[in-house]
Amino acid sequence: MKRKLAKLMSVFLVLCTVLTAISSGITGASAAGSPIPVVYIEGAGATIYADTYDRNSEQLNSDGPIPEGMINSIISQLAKPLLDAYLKNDFTDYCDKLVELFEPYYSRMALDENGEPSNGAGNKCRQTLPTRNTYKNGYGVFDYTVTYDWRLDPFETARYLNDYINRVKEITGSGKVDIVCRCLGVNIFLAYVAQYGSDSINKCIMYAGGLRGFEYCGALFSGQVEVDSDSLERYVNSSMSGDDDTQRILKAIVQVANTSFMLKWGVKEVMDFYEKIYENVTPRLLRESHGSFPSYWSMVPVEYYDAAKELNFGKEPEKYAGMIEKCDRYHNEVAMHVDDLINGMIENGVEVYNVAKYGFQHIPINRGSEYQSDNTVGLISSSDGATVSETTKRLSDSYINAAEEKGTSKYISVDRCVDASTCLLPDHTWFVKNLEHDNMPRCMEYDLFTTIFNSSDYMTVFDDPAHPQYMLFNRDSKTLSPLTAENCITDEEKKMQSDYTGSTELLLNKLIAAIRNIVDIIKNFIKTIIGAAKG
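Report follows, based on the coordinates. Please read all numbers here as calculations on a predicted model, not as lab measurements.

**Some points on the overall build of the protein**
- A count of helical and extended segments in the protein gives 19 helices and 10 strands.
- Counting across all 535 residues of the protein, residues that qualify as buried make up 53%.
- In the protein, the share of contacts with a sequence separation of at least 24, taken over all contacts with a separation of at least 6, comes to 77%.
- Here the protein has roughly 23,000 Å² of accessible surface; of this, 51% comes from carbon and sulfur atoms.

**Considering the packing of helix α5 (residues 154–172) against helix α6 (residues 184–196)**
- The N-to-C vectors of α5 and α6 enclose an angle of 75 degrees; their axes lie 8 Å apart at closest approach. Considered as vectors, α5 and α6 are oriented roughly perpendicular to each other. Contacts between α5 and α6 involve Pro154, Phe155, Thr157, Ala158, Arg159, Leu161, Asn162 and Ile165 from the former and Ile188, Phe189, Ala191, Tyr192, Ala194, Gln195 and Tyr196 from the latter.
- Counted by class, the contact of α5 with α6 contains 11 nonpolar, three polar and one charged residues.

**Here we look at the packing of aromatic side chains**
- Going through the model one piece at a time under the given rule, you end up with 25 aromatic pairs.
- On the basis of an interplanar angle of 45 degrees and a centroid distance of 6.1 Å, the ring pair of tryptophan 150 and tyrosine 296 is categorised as tilted. Of this pair, tryptophan 150 sits in the loop between β2 (144–146) and α5 while tyrosine 296 sits in helix α11 (residues 294–297); the two residues are 146 residues apart in sequence, bridging distant segments of the chain.
- In this structure tryptophan 150 comes out as buried when scored by relative accessible area, which is 3%.
- Ring centres 5.0 Å apart and planes at 75 degrees place the aromatic pair phenylalanine 221 and tryptophan 297 in the edge-to-face group. Here phenylalanine 221, found in helix α7 (residues 215–222), pairs with tryptophan 297, found in helix α11; they are 76 residues apart in sequence, far enough to count as distant. Of the two residues, phenylalanine 221 and tryptophan 297, neither departs from the other in class, the shared state being buried.
- Taken together through their ring pairs, the aromatic side chains of Phe221, Trp297, Tyr305, Phe313 and Tyr320 make up a single cluster.
- One cation-aromatic arrangement involves lysine 410 over phenylalanine 462; the distance from NZ or CZ to the ring centre is 4.8 Å.

**Thoughts on helix α14 (residues 338–347)**
- Every buried residue belonging to α14 is among Val338, Leu341, Ile342 and Met345, and all of these are buried. Down the axis, α14 shows its buried residues gathered within 95 degrees of arc, on one side only. Pointing more than 90 degrees away from the buried face of α14 are the exposed residues Asp340 and Glu347.
- Packed against the buried residues of α14 are α6, β4 (201–207), α13 (321–333) and β5 (351–358).
- Backbone geometry just downstream of α14 places glycine 349 in the positive-phi region, at approximately 95 degrees.

**Some remarks on the side chain of serine 174**
- Position of serine 174 relative to the elements: it lies in the loop between α5 and β3 (177–182).
- A distance of 2.5 Å separates a polar atom in the side chain of serine 174 from the backbone oxygen of lysine 176.

**Re the state of the cysteines**
- All told, the structure shown has zero disulfides when counted by the stated rule.
- Lacking any disulfide linkage, cysteine 181 is separated from the closest cysteine sulfur, that of cysteine 204, by 4.2 Å.

**Digging into the pattern of salt bridges**
- Considering all chains together, one arrives at 19 salt bridges under this definition.
- For the salt bridge of arginine 108 with glutamate 58, the shortest nitrogen-to-oxygen distance reads 2.8 Å. Placement of the pair is arginine 108 in the loop between α4 (92–106) and β2 and glutamate 58 in the loop between β1 (38–41) and α3 (68–88), with a sequence separation of 50 residues.
- Its relative accessible area of 30% is what places arginine 108 among the partly exposed residues.
- Take glutamate 58: its relative accessible area is 46%, and that puts it in the partly exposed class.
- As a salt-bridge pair, lysine 309 and aspartate 328 come within 3.0 Å of each other at their nearest N and O atoms.

**Section: unusual backbone geometry**
- Notably, asparagine 375 is not glycine yet its phi reads approximately 85 degrees, a positive angle.
- Looking at the secondary structure, you find asparagine 375 in the loop between β5 and α15 (379–382).
- Positive phi, close to 60 degrees, is recorded for aspartate 384, a residue that is not glycine.
- As for its placement among the helices and strands, aspartate 384 is situated in the loop between α15 and β6 (387–388).

**Re the pairing of strand β8 (residues 429–433)**
- Counting buried positions along β8 yields five of five residues, so the element is predominantly enclosed.
- Here β8 shows no split at all, with Thr429, Phe431 and Lys433 on one side and Trp430 and Val432 on the other all buried.
- Inspection of the sheet shows β5 paired to β8 by five bridges, in the parallel sense. Note on β8: the bridge partner recorded for alanine 356 is phenylalanine 431.
- Handedness of the β-α-β unit built from β8, helix α17 (residues 442–453) and strand β9 (residues 470–474) comes out left-handed.

**So, the packing of α6 against α14**
- Their axes nearest at 10 Å, the elements α6 and α14 cross at an angle of 70 degrees. Classed by the angle they form, the pair α6 and α14 counts as roughly perpendicular. Every pair of crossing elements has a handedness; the one defined by α6 and α14 is left-handed. Contacts between α6 and α14 pair Phe189, Leu190, Val193 and Ala194 from the former with Val338, Leu341, Ile342 and Met345 from the latter.

**Here we look at the pairing of strand β10 (residues 479–482)**
- Here β9 pairs with β10 via four bridges, running antiparallel. For methionine 471, the partnering residue across the bridge sits in β10 and is proline 482.
- With antiparallel pairing between neighbouring strands as the criterion, β9 and β10 make up a hairpin whose turn holds four residues, including lysine 478 at a positive phi of roughly 55 degrees.

Calculation criteria
Residues numbered from 1 in each chain as written. Predicted model: local features only at pLDDT ≥ 70, side-chain atom pairs only at ≥ 80, totals over all residues. Heavy atoms only, no water. Helix = DSSP H or I, 4+ residues; strand = E, 2+ residues; numbered from the N terminus. Buried < 20%, exposed > 50% of the residue type's maximum accessible area, 1.4 Å probe, protein only. Contact = heavy atoms within 4.5 Å. Areas by Shrake-Rupley, 256 points an atom, 1.4 Å probe, with all protein chains shown as cover. Axes fitted to C-alpha atoms, helices over the stretch in contact; angles between N-to-C directions. Parallel < 35°, antiparallel > 145°, perpendicular 65-115°, else oblique. Nonpolar A, V, L, I, M, F, W, Y, C, P; charged D, E, K, R; others polar. Phe/Tyr/Trp six-rings, centres within 6.5 Å; stacked < 30°, edge-to-face > 60°. Lys NZ or Arg CZ within 6 Å of the ring centre and 35° of its normal. Arc of directions from axis to C-beta. Polar contact = N/O pair within 3.5 Å; in protein donor to acceptor, adjacent residues only side chain to side chain. Disulfide = S-S within 2.5 Å. Salt bridge = Lys/Arg side-chain N within 4 Å of Asp/Glu carboxyl O. Pairing = 2+ DSSP bridges. Right-handed = clockwise from strand over helix to strand, strands pointing away. Left-handed = near helix turned anticlockwise from the far one by under 90°.

Here's what the structure looks like:
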């Protein structure tokens, strides 16, 4: 059946589609706020044009879902090679066909073997330095937005950022600028600090960054994909927010499968298949898509880096020498020294703040996916070291008691999901619950960011009762409020909440409830058909 085969291929579709889960920054009218000009460094996602200097040329971004017609065509063309591969126990031809079919869709944005745009594509037509002072009762976060070719070497983009910052200082007459950097923009900013220092920076807010890397990038780039069935079930429940019959059936099937351990078996079968082909497929697909971007290599966590480099470039190091040099530079000068760079800024008088987000199931393809995340980057990474619970669990009573004895319990969230005392900047790291990775609502600018920028001293999470360490994002009103015992259980958590203790009674009740759900759906469907026939 096509859907089953599509599920079997899901890990490999992820190789290409999930890498663009990181959204670009928003733009628009700015709120008055900071007394110092703010430079906002976007995340990945700005439009890549076929002609760098022509905004009317073809847009090459392959960041949407693969067209359904294309998926159906690929599945039909792969059916025979897959059968032959199992009969012969040789997957070479299957891998060749898989790469042949996917490569055209993703290769339009690919860089060359040196990590450079050799086909004239890019977005430099939007890379223009600012020309006027935008001050109007303060500077807004988006007044000076840095848009860049997010595929390129972070150090190359850092050179452009340096020119941009110097231009802002020149036209505003300010000796320093404030920084807001988001997602990949955090990597760009750290490369800037490593290359140029922090003398031009007054305050910096890092938002939803992968300070310890993006775990899914590491898993995909290194071939070390791991799928946890419980995390997969939560991810399905979270992703399917609707209540139509199709989604209810799929949720129930996954629930039954996981309860009866069939899902674990299915995951094992998919992973066995993945093990047969990843060495042949992964580097070829990545080198013709996001794996050709030095910027995405900057998101590979340190613990995955050597294995990822060996898998993708180990057989042809001379051919990819230019690419390896770019990747190694970021790894050695930035990724290995993130904490040193941040502490160096603080020693230089820069006020460094961090905003991390949580309350969502992580993409379930890497080890540690069971822990708190913003659905794209794990909270341990984005907070640079917080101690966090599994997504549907809480820090244990013994952990809480030990924190109380140490005097660090003030850093623990009221929902008992996070302990900020262990992160790099425990007094300057805010946590926002119920806000996904790709969402940066305007209340962040009008509310938290403006408060930070207008603080006269190095603001801490304990200075303002309206902006404590733990905040909640209200999706309906699009506002921030303190996280409390009354509001800390979100609708998102309720969707994911399950008890995986494994007791016979709980498993049986869960299985029965899921089967009843399916039976009710079938009954309603039959009633609808009978009613239509009578009418």
